[in-house]
Amino acid sequence: MDRGVRYLVYVIVLLAIGLIIIYSHTGLPTKEKAHETVVPGYGAGVVSPLTPMLGFVSLPIQPGEEEIPQGANPQILVEPSELKKHLNDWIIVDCREWELYEMGHIPNAIHLGESCNDFFREELEIPGVGVVGEFKVPSVEDLEKRLSEVGIRMDKTIVFYDAAKPSEDVPGLYGLMAGYAFVPFWFMEWLGHKDVRVLNGGIEAWIAEGLPLETKINKLPPSNFKANVVRNRLATTEDVLKIAKGELKAQLIDARTPDEFLGRVKAPSPAVAERIKRAGRIPNTIRNIPHSYMFIDPPNDFRLRPLYQLNRLYQGLNKEEWTVFYCVTGTRASLAYFVARLLGFKNPALYHDSWIVWGNNETLPVVK
């Protein structure tokens, strides 16, 4: 062996010894568990390998791909033409602010006296931060009382609708884009109602089909609403901490924007972001499916994508497994929950506390 070869061997041996010493003190590099994310439409060319590529999702239906996935529940997404047939036998709830309801609403629709978001939730106070908004789950007894007063019943189909676009008349409302019609959908399913639905595209879709509005104030007689809570539709912070530690099996899905998922921002709204201490995501989050990806073409078209395209967003996930969705306040994640139900997921759940609680609790682990 000549001198040059011996010198190269010595260098390689020394490098190997050095690496062994370094790893013995620091540990081998680790990769975040990818779960079942190596599926078509995820991977190279996207913001994150856990975030879908919209170009793939938007492709026309492919041979062998079902237009309505097996086990789906297409009836929970109501088209205006279908709602028109049931104006007299379904309970229709306008989720917008009272001012918009007064200006014109779908015939026979009732109003809850405030937006659905405010009706179903209470003020959330976080230690060291203060009151952050109407983002808290009330007691079941309180919800039973409220729902009884406005006449909501278990034996009637309920349809919620909102505005699809922000209103010029009542500034600051996000409508369907934020998920305000889907918040009450989740609440009613958590309370055990068997037939809750949402109008696809909001009141704009109704108007676009030339269907009439009315200004009459509609009210229902009081009812005696009694909940039958479905426990596994609500994931608590304690549940999610166990998922983060790998102590509880579940598919944890982030419905926020890619920038939030990657820890670049705390929240899209500066007003909300300033009330959150940390950016990042929850450990063991296996997928980032931004809620805006579920619409056809925001801000031009806020109807949900065809089912086969929504199914591409959720592909690779186990529809039988407990699947927990989170965002910042539980609002966008309520849309993700709705889409999971639409696609036939058997055990979806909402982490209602979401990042507004997790990001403000510095004892809880965070990934950036």
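One can find the structure itself at the top, above this paragraph.
Thresholds applied
- Residues numbered from 1 in each chain as written.
- Predicted model: local features only at pLDDT ≥ 70, side-chain atom pairs only at ≥ 80, totals over all residues.
- Heavy atoms only, no water.
- Pairing = 2+ DSSP bridges.
- Helix = DSSP H or I, 4+ residues; strand = E, 2+ residues; numbered from the N terminus.
- Contact = heavy atoms within 4.5 Å.
- Axes fitted to C-alpha atoms, helices over the stretch in contact; angles between N-to-C directions.
- Buried < 20%, exposed > 50% of the residue type's maximum accessible area, 1.4 Å probe, protein only.
- 1 Å grid on protein atoms, 1.4 Å probe; cavity = no way out; pocket = protein on both sides within 12 Å on 5 of 7 lines; lining within 4 Å.
- Points joined across faces, edges and corners; volume = space filled by probe spheres on them.
- Nonpolar A, V, L, I, M, F, W, Y, C, P; charged D, E, K, R; others polar.
- Left-handed = near helix turned anticlockwise from the far one by under 90°.
- Phe/Tyr/Trp six-rings, centres within 6.5 Å; stacked < 30°, edge-to-face > 60°.
- Expected span 1.5 Å × (residues − 1).

Side note on the sheet that holds strand β3 (residues 110–111)
Line of reasoning, step 1. Ordered in space as β1-β7-β6-β2-β3, the 5 strands form an open sheet in which the pairing is parallel. Each edge of the open sheet carries a strand with a single partner, namely β1 (77–78) and β3.
Line of reasoning, step 2. Bridge count between strand β2 (residues 91–94) and strand β6 (residues 158–161): 4 bridges; the pairing is parallel. Across the sheet, the residue bridging to Asp94 is Tyr161, located in β6.
Line of reasoning, step 3. Sheet contacts for helix α7 (residues 182–190): β6 and β7 (196–199); angle to β7, the most-contacted strand, approximately 175°.

Quick word on the environment of Leu211
Line of reasoning, step 1. Mapped onto the secondary structure, Leu211 falls in the loop between α8 (202–208) and α9 (237–244).
Line of reasoning, step 2. When the C-alpha atoms of Leu211 and Ser81 are compared, they prove to be 8.9 Å apart, with 130 residues separating the residues in sequence.
Line of reasoning, step 3. Sequence-distant contacts of Leu211, defined by excluding residues within four places in its chain, comprise Pro80, Lys84 and Trp206.

Let's talk about the environment of Ala109
Line of reasoning, step 1. Its place among the elements puts Ala109 in the loop between α4 (98–103) and β3.
Line of reasoning, step 2. A residue is classified by how much of its surface remains accessible, and Ala109, at 0% relative accessible area, is buried.
Line of reasoning, step 3. Residue contacts for Ala109: discarding those within four places in its chain leaves Ile92, Tyr101, Tyr161, Glu214 and Asn218.

Examining the layout of surface pockets
Line of reasoning, step 1. Here the second largest pocket defines a volume of roughly 320 Å³.
Line of reasoning, step 2. Around the second largest pocket, the lining is made up of 16 residues, and of these Leu77, Glu79, Asn200, Pro306 and Leu307 lie nearest the centre.
Line of reasoning, step 3. Elements with a contribution of two residues or more to the lining of the second largest pocket: β1 and β11 (301–304).
Line of reasoning, step 4. Looking at the lining of the second largest pocket, its residues break down into 8 nonpolar, 2 polar and 6 charged.

Things to note about the side chain of Thr237
Line of reasoning, step 1. With respect to the helices, strands and loops of the structure, Thr237 is situated in helix α9.
Line of reasoning, step 2. If sequence neighbours within four positions are ignored, Thr237 has contacts with Tyr351, Asp353, Val357, Trp358 and Leu364.

Points about the packing of α7 against helix α13 (residues 331–343)
Line of reasoning, step 1. Axis separation between α7 and α13 bottoms out at 8 Å; the angle between their running directions is 65°. α13 is crossed by α7, and the crossing has left-handed handedness. Listed contacts from α13 to Phe182, Val183, Phe185, Trp186 and Glu189 of α7 are Thr331, Ser334, Leu335, Tyr337, Phe338 and Arg341.
Line of reasoning, step 2. In terms of residue class, the contact of α7 with α13 is made up of 7 nonpolar, 2 polar and 2 charged.

So, the packing of aromatic side chains
Line of reasoning, step 1. Within the structure shown, the criterion is met by 14 aromatic pairs.
Line of reasoning, step 2. Between Tyr314 and Phe325 the ring centres are 5.9 Å apart and the planes differ by 45°, which places this aromatic pair in the tilted class. Of this pair, Tyr314 sits in the loop between α12 (307–313) and β12 (323–326) while Phe325 is found in strand β12, placing the two residues 11 residues apart along the sequence.
Line of reasoning, step 3. Classification of Phe325 as buried rests on a relative accessible area of 0%.
Line of reasoning, step 4. Arranged with centres 6.3 Å apart and planes meeting at 90°, the rings of Tyr351 and Trp358 form a pair that is edge-to-face.
Line of reasoning, step 5. When its relative accessible area of 0% is taken as the criterion, Trp358 is described as buried.

Description of the sheet that holds strand β9 (residues 285–288)
Line of reasoning, step 1. Across the sheet, 4 strands lie side by side as β9-β8-β12-β13; this open sheet has parallel pairing. Both outer strands of the open sheet, β9 and β13 (348–350), are each paired with one neighbouring strand and no more. Looking at each pair of strands side by side, their axes are set apart by 30° on average, direction ignored.
Line of reasoning, step 2. Sheet topology places strand β8 (residues 251–254) next to β12; 4 bridges connect them, and they run parallel. Opposite Ile253, over in β12, you have Phe325 as the bridge partner.
Line of reasoning, step 3. Where α13 meets the sheet, it contacts β12 and β13, and its direction lies at approximately 170° from that of β13.

Some points on α13
One turn of the α-helix equals 3.6 residues, which is why residues spaced by three or four share an orientation.
Line of reasoning, step 1. Between its terminal C-alpha atoms α13 stretches 19 Å, which fits the 18 Å expected from 13 residues at 1.5 Å a residue.
Line of reasoning, step 2. Taken across its 13 residues, α13 has 13 buried, putting it largely inside the fold.
Line of reasoning, step 3. The positive-phi residue at the C-terminal boundary of α13 is Gly344, with phi of around 95°.

Regarding the pairing of strand β4 (residues 122–126)
Line of reasoning, step 1. Relative to strand β5 (residues 130–136), β4 runs antiparallel, the two sharing 5 bridges. The residue bridging Glu122 from the neighbouring strand is Lys136, located in β5.
Line of reasoning, step 2. From the end of β4 to the start of β5, which pair antiparallel, there are 3 residues, and Gly128 there has a positive phi angle of about 80°.

With respect to helix α6 (residues 140–149)
Line of reasoning, step 1. For α6, every residue scored as buried is listed here: Val140, Leu143, Glu144, Arg146, Leu147 and Ser148.
Line of reasoning, step 2. On the buried face of α6, the contacting elements are α5 (116–120), β4 and α7.
Line of reasoning, step 3. Two residues or fewer after α6 comes Gly151, characterised by a positive phi angle close to 85°.

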